[in-house]
Amino acid sequence: MNPRIEYVDKHNILYIEFSDVPVARTVERHSWAILDLDAENKPVSVEILGASKIQPHQVVELLRELADFTPRSMPVLLAGRLRSP
């Protein structure tokens, strides 16, 4: 699947979907970034909250973290607070 990108102007949210597999859990990576993970803890999607106020380099850094995802990086990736799916 090619990534799907959507901006919801009404809520100022940028949504990037990497996969269409079911979400197993959700992690708040930053106060402005919510990650959905599958059962194998691979990124499914990310929501950027308050997107118009986030600096582009912050989004690029987050996307690089996700692109470099490995099982070793899991503790860093999951350093945020877990949320219910």
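Residues numbered from 1 in each chain as written. Predicted model: local features only at pLDDT ≥ 70, side-chain atom pairs only at ≥ 80, totals over all residues. Heavy atoms only, no water.

K.L.:
An account of the pattern of salt bridges is requested, with residue identities and associated values reported.
P.N.:
In the structure shown here, the tally under the stated rule is 4 salt bridges. Between E6 and R4 there is a salt bridge, with the nearest N and O atoms lying 3.0 Å from each other. For E6, a relative accessible area of 35% puts it in the partly exposed group. In this structure, R29 engages E65 in a salt bridge whose closest nitrogen and oxygen atoms are separated by 3.3 Å. A residue pair is termed long-range when its members are at least 10 positions apart, and R29 in strand β3 (residues 25-30) and E65 in helix α1 (residues 56-67) qualify at 36 residues. (Salt bridge = Lys/Arg side-chain N within 4 Å of Asp/Glu carboxyl O. Buried < 20%, exposed > 50% of the residue type's maximum accessible area, 1.4 Å probe, protein only. Helix = DSSP H or I, 4+ residues; strand = E, 2+ residues; numbered from the N terminus.)

K.L.:
Explain the nonpolar core residue by residue, including any values.
P.N.:
Counting 12 residues, the largest nonpolar core is built from L14, I16, W32, A33, L35, V46, I48, A51, I54, V59, L62 and L66. Contributions of two or more residues to this core are made by β2 (13-17), β4 (33-37), β5 (43-49) and α1. No other element matches the 3 residues that α1 contributes to this core. Look past the residues within four positions of W32 in its chain and what remains in contact with it is E47, I48, L49, I54, Q58, V59 and L62. (Core = buried A, V, L, I, M, F, W, Y, C linked by side-chain atoms within 4.5 Å. Contact = heavy atoms within 4.5 Å.)

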